[in-house]
Amino acid sequence: MCGIFGAVSFREPFSDAEVSKFLDAVDMVHYRGPDNRDFFLSADRKVFLGHRRLSIIDLSSEGNQPLVISDMAIIYNGEIFNYLELRRELENLGVSFKTNTDTEVILRVYQQYGTKGFEKLNGMWAFAILDLREKKLILSRDRFSIKPLHYLSLGNRLYFASEIKQLLAFLPKREINEEQMFVFLEQGIVDYDINTFIKGIKKVEAKHNMIVDLTSEKTVSEKYWDYTFKEISDLDSAIDEFRELFFDSVKLRLRSDVKLGALLSGGLDSSSIVVACNSLQPVESYSVVTREKKYSEEQYIDILTTRLSIPNKKLFFTPTHVLDNLYNVLYHQDEPFAGMSIVAQYMIFNKIKSETDVKVVLSGQGADEVLMGYLKYYFMYLKEAISKGKLIHFFSEALGSFVNHTALWQFDLRSGKRYLGSLAKLPFVSTHKTSLEAIGSAKTLRDRQILDLDKYSVPVLTRYEDRNSMANSIEVRNPFLDHRLVDFCLSLPENYKIRNGWSKFILRESMKELPNEIRWRRDKKGFVTPEALWLKNELKDLISSTFADSLLEAHGFISTQKFLETYDAFLNNRGAISASDISRTLIAELWLRNFYGLKSQTWSEIVEHAN
């Protein structure tokens, strides 16, 4: 797990001054790779590849990068979990290896199969392969946007990096992408396409390669993988196959030469991962809790860890954590984020770093998307039943929800209104020409799941998690985002995922080791904090002082007067205004102040000043 930076010149060689600037960009993300830094400069000085290493597999110097073998070089951020199986496959074909790393496996796969071989990789990655024989550069990103890869194309120069901040120094002018800001303010949506909040800086698309011809200077995008489905018609065998795939996914993600742990929220997903981990090897768990019982899942964390004798460390998240760390999180996220739970996530990784020697943790990201855990899926499920004339099924499912106190009991217009089209418009956001993303549109439940995997849910959640974990030199692995498991879950009949009002039905049936209080939990909290409560109390002064002079208003994004009126309505529980509507506007304002108001300072100086 690492940080990368690279640059390509299609014309003149890079000067010594430029190489020095590139090294600064590499070191800017030293926290992504505190164990080693190195670089490669091609003989003609037209390609630079820089790398910071966090040692996870093969801790020796052989694992340092860039890895150069004959006429090829690679820099890589991520993990290939099936690298041992791929290595054996290649060795059977007569391929010899010089190291014990998964990095070399990627390079050998490319040598043997070309870019089509990337579909064999089971893992998370962002890598660049320089092929001097073919005179091309290949940038590749994993299937589900887990690892970041940004790029900036300027005339005859191409720059690419793990983080946006590494590319800012190469921009001739720093400008906000207004479309991204408006969509974020209106609906809280980010990472839904290849654009970022900064004009000119884009992302390599998930499950794609970006192939750069160093001779013709042409760039093409190539999809190396897509979803595949199969017929599944027997529930009992589906439960068995799901369990086998899930446990194998966890097993692969326990491959490491350093100590591992697991995040535990007390919910079904993270509890299942912790149970699966401990069936294979003991791991410690880490949790965020609050003193406000309404928002805390501490009782479920205690049930699991006590009954199964699982070590657990807790972070008691407070508004002081928010006030003390908001600027740090803004720095590491690079772009605005939707709420204070992102700060809580940053803090738990910081606790793991400071109190343990763990470098890898497993997380439950992706489970809600592949197993229909969100409330919206339940409503689409009922809608499909009506459209297909299955009225008995409709009434049976609706009744099941009321009896089991599950889906319908969780309905909240404030948090769900962004799926309601024009009803999602906020009164304080300025009228603008760009159209809102049609986030609520999908023809089928499977289409809805794919939209969330590709655009509206997983990319932003993995972005938050990657930046927060890597800021603390910790790697996160997501068993539910194993592509084999994703394909299987998307192939399942909907009533294997939602049944009698129960979401994630097949997971509940598969994990009989879980205490029943967790296995058949009727509520779903998600990763929440007492954000609404704090916005009305401890964070009130911050909001008042911040919007005394708004840059969002100065740049035409909002009306401050209308925002403060909306905030007053929120304080007095009037209207369908959510805590996220207030938080993300505050966060966007603070981000904009760093981006424009303090542009003469470096990000590091801003964070130092904030602390």
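This section reports on the structure supplied with the text.

### Side note on helix H2 (residues 83-92)
When we look at burial in H2, the residues that qualify are Tyr 83, Leu 86, Arg 87 and Leu 90. Looking straight down H2, one finds that the buried residues subtend no more than 105° of arc, so they occupy a single side. On its buried face, H2 sits against strand E5 (72-80) and helix H3 (102-113).

### Let's talk about the nonpolar core
If you look at the biggest cluster of nonpolar residues, it comprises 87 residues, and the most contacted ones within it are Phe 127, Ile 129, Phe 242 and Phe 246. Looking at which element gives the most residues to this core, the answer is helix H5 (residues 235-252), with nine residues. With near-sequence residues (within four places) excluded, Ile 129 lies in contact with Ala 73, Ile 74, Ile 106, Leu 107, Tyr 110, Phe 118, Lys 136, Leu 137 and Ile 138. Residues Phe 197, Phe 349, Leu 590 and Trp 591 belong to the second largest nonpolar core, which totals 76 residues.

### Considerations on the packing of aromatic side chains
All chains considered together, the criterion is met by 31 aromatic pairs. Note on Phe 144 and Tyr 227: the rings are 6.4 Å apart at their centroids and 40° apart in plane angle, and the pair reads as tilted. In this pair, Phe 144 is assigned in the loop between strand E7 (136-141) and strand E8 (150-154) and Tyr 227 in the loop between strand E12 (219-223) and H5, connecting sequence segments 83 residues apart. Ring centres of Phe 246 and Phe 480 lie 5.0 Å apart, and the angle between their planes is 25°; this geometry places the pair in the stacked category. Within this pair, whereas Phe 246 is found in helix H5, its partner Phe 480 is found in the loop between strand E17 (475-477) and helix H16 (483-491), the two being separated by 234 residues in sequence. With relative accessibility at 0%, the residue Phe 246 sits in the buried group. Given the relative accessible area of 0%, Phe 480 is considered buried. When the ring centre of Tyr 377 is taken as origin, the NZ or CZ atom of Lys 376, which lies over that ring, is 5.4 Å away. Its guanidinium or amino end placed over the ring of Tyr 300, Arg 521 lies 3.8 Å from that ring's centre, counting from NZ or CZ.

### Looking at the side chain of Asn 82
Assignment of secondary structure puts Asn 82 in the loop between E5 and H2. Overall, the relative accessible area of 12% leaves Asn 82 in the buried class. Polar contacts involving the side chain of Asn 82 include one to the main-chain amide nitrogen of Asn 122, which spans 3.0 Å. Residues contacting Asn 82, with those up to four places away along its chain left out, are Lys 120, Leu 121, Asn 122 and Arg 255.

### Re unusual backbone geometry
The linkage connecting Gln 65 with the following residue, Pro 66, adopts the cis geometry, with an omega of 5°. Along the chain, the position of Pro 66 falls in the loop between strand E3 (47-53) and strand E4 (67-69). Residues other than glycine seldom take positive phi values, yet Asp 58 does so here, at roughly 55°. With respect to the helices, strands and loops of the structure, Asp 58 is situated in the loop between E3 and E4. For Glu 217, which is not a glycine, the phi torsion comes out positive at approximately 70°. With respect to the helices, strands and loops of the structure, Glu 217 is situated in the loop between strand E11 (208-213) and E12.

### Details of the environment of His 208
One can find His 208 in strand E11. Taking relative accessible area as the criterion, His 208 reaches 9% and is therefore assigned buried. When residues no more than four places from it in sequence are discounted, the contact partners of His 208 are Leu 139, Ser 140, Arg 141, Ser 221, Glu 222, Lys 223 and Tyr 224.

### Description of H3
Taking 1.5 Å per residue as the helical rise, H3 with its twelve residues ought to reach 16 Å, and the 16 Å between its terminal C-alpha atoms agrees with that figure. Within H3, nine of the twelve residues are buried, which leaves the element mostly enclosed by the surrounding structure. Among the residues making up H3, those that are buried are Asp 102, Thr 103, Glu 104, Val 105, Ile 106, Leu 107, Arg 108, Val 109 and Tyr 110. Buried residues along H3 sit in contact with E4, E5, H2, strand E6 (123-131) and E7. Looking one or two residues past H3, Gly 114 carries a phi angle of roughly 75°, positive in sign.

### Description of the sheet that holds E5
Pairing is antiparallel in the open sheet, where six strands are placed in the order E4-E5-E6-E7-E11-E12. Because the sheet does not close on itself, it has two edges, and the strands there are E4 and E12. Here the average twist between neighbouring strands, direction ignored, is 20°. Strand direction decides the pairing type here: E4 and E5, joined by three bridges, are antiparallel.

### Topic: the sheet that holds strand E9 (residues 157-161)
Spatially, the six strands line up as an open sheet ordered E2-E3-E1-E9-E8-E10, and their pairing is antiparallel. At either margin of the open sheet sits one strand with a lone partner, and together these are strand E2 (36-41) and strand E10 (201-203). Recorded for the sheet is a direction-independent mean angle of 15° between the axes of neighbouring strands. Relative to E3, strand E1 (residues 2-9) runs antiparallel, the two being bridged by seven bridges. When the sheet's bridge partners are listed, Val 8 is paired in E3 with Val 47. The sheet strands contacting helix H1 (residues 16-27) are E1, E2, E3 and E9, and the helix crosses E3 at an angle near 30°.

### Structural notes on the packing of helix H14 (residues 445-456) against H16
Contact geometry for H14 and H16: axes closest at 10 Å, N-to-C directions at 155°. When the interaxial angle is binned, H14 and H16 end up roughly antiparallel. For H14 against H16, the interelement crossing comes out right-handed. Contacts from Arg 446, Gln 449, Ile 450 and Leu 453 of H14 reach H16 at Val 486, Leu 490 and Ser 491. Among the residues making up the contact of H14 with H16, the classes are represented as four nonpolar, two polar and one charged.

Reading the values: rules and limits
Residues numbered from 1 in each chain as written. Predicted model: local features only at pLDDT ≥ 70, side-chain atom pairs only at ≥ 80, totals over all residues. Heavy atoms only, no water. Buried < 20%, exposed > 50% of the residue type's maximum accessible area, 1.4 Å probe, protein only. Helix = DSSP H or I, 4+ residues; strand = E, 2+ residues; numbered from the N terminus. Arc of directions from axis to C-beta. Contact = heavy atoms within 4.5 Å. Core = buried A, V, L, I, M, F, W, Y, C linked by side-chain atoms within 4.5 Å. Phe/Tyr/Trp six-rings, centres within 6.5 Å; stacked < 30°, edge-to-face > 60°. Lys NZ or Arg CZ within 6 Å of the ring centre and 35° of its normal. Polar contact = N/O pair within 3.5 Å; in protein donor to acceptor, adjacent residues only side chain to side chain. Expected span 1.5 Å × (residues − 1). Pairing = 2+ DSSP bridges. Axes fitted to C-alpha atoms, helices over the stretch in contact; angles between N-to-C directions. Parallel < 35°, antiparallel > 145°, perpendicular 65-115°, else oblique. Left-handed = near helix turned anticlockwise from the far one by under 90°. Nonpolar A, V, L, I, M, F, W, Y, C, P; charged D, E, K, R; others polar.

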